[in-house]
Amino acid sequence: MIGGKKWREPQRTCIVCGSKRTKLDLLRLALDGEGRVCLDHLQRYPGRGGYVCPRPDCLARLKLSHLQKAFRRLLPETAWNPGLVIMEALQSCGAAIKE
């Protein structure tokens, strides 16, 4: 309790499925200094971010259009590498990736 009010964990919405979860339960995607989409492990990159459920089905359905809506800007096709972003996300969640 802070100042007589109960503190609540910040809520965010998955940009793919629309489910609401606590900020720490979602993966944050952000733009790096060169304008490429990357996984923001520490959730500290500046600017707008997009949150995605760590579930493999949400990661597999992630499209450039979801990211453009979350970042509120048009992104070139070269701004993200879906395979790399998904692989990083799965590794950060502790999921086993088989080659």
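Now for a description of the structure that goes with this document.

How each quantity is defined
- Residues numbered from 1 in each chain as written.
- Predicted model: local features only at pLDDT ≥ 70, side-chain atom pairs only at ≥ 80, totals over all residues.
- Heavy atoms only, no water.
- Buried < 20%, exposed > 50% of the residue type's maximum accessible area, 1.4 Å probe, protein only.
- Helix = DSSP H or I, 4+ residues; strand = E, 2+ residues; numbered from the N terminus.
- Arc of directions from axis to C-beta.
- Contact = heavy atoms within 4.5 Å.
- Pairing = 2+ DSSP bridges.
- Axes fitted to C-alpha atoms, helices over the stretch in contact; angles between N-to-C directions.
- Salt bridge = Lys/Arg side-chain N within 4 Å of Asp/Glu carboxyl O.
- Polar contact = N/O pair within 3.5 Å; in protein donor to acceptor, adjacent residues only side chain to side chain.

### As for helix α3 (residues 82-92)
Along α3, the positions that sit buried rather than exposed are V85, A89 and L90. All buried residues of α3 project into a common sector of 130° when viewed along the axis, lining one side. The inward-facing, buried residues of α3 contact β3 (27-31), β4 (37-39) and α1 (56-61).

### Section: the sheet that holds strand β5 (residues 49-52)
Ordered by their spatial adjacency, 3 strands build an open sheet running β4-β3-β5, and the pairing between neighbours is antiparallel. At either end of the open sheet lies a strand with only one pairing partner, and these are β4 and β5. For this sheet the average axis-to-axis angle between neighbouring strands, irrespective of direction, equals 30°. Where β3 meets β4, 3 bridges bridge the pair, whose relative direction is antiparallel. Note that in β4 the partner of L29 across the bridge is L39. Contacts from α3 reach β3 and β4 within the one sheet, and its direction differs from that of β4 by about 10°.

### Overview of the side chain of Q43
Within the element layout of this structure, Q43 appears in the loop between β4 and β5. When residues no more than four places from it in sequence are discounted, the contact partners of Q43 are K23, L24, L26, R28 and Y51.

### Digging into the pattern of salt bridges
For the structure shown, the criterion picks out 4 salt bridges. Across the pair R36 and D32 runs a salt bridge, and its minimum N-O distance is 3.3 Å. Under the relative-accessibility criterion, R36 is labelled partly exposed at 40%. The shortest N-O distance in the salt bridge between E34 and R36 comes to 2.9 Å. The class of E34 is exposed, set by a relative accessible area of 62%. A single salt-bridge network, built from bridges that share partners, covers D32, E34 and R36.

### Quick word on the pairing of β5
Every second residue of β5 is oriented toward a common face, with G49 and Y51 on one face and G50 and V52 on the other, all of them buried. Bridging between β3 and β5 involves 4 bridges; their strand directions are antiparallel. Bridge assignment links R28 to a residue of β5, and that residue is Y51.

### Section: the side chain of D40
By the element assignment, D40 lies in the loop between β4 and β5. From its side chain, D40 meets the backbone nitrogen of Q43 in a polar contact 3.1 Å long. Within the local environment of D40, its side chain forms a polar contact with the backbone nitrogen of Y45, the two atoms lying 2.9 Å apart. Apart from residues lying up to four places away in sequence, D40 is in contact with R28, A30 and Y45.

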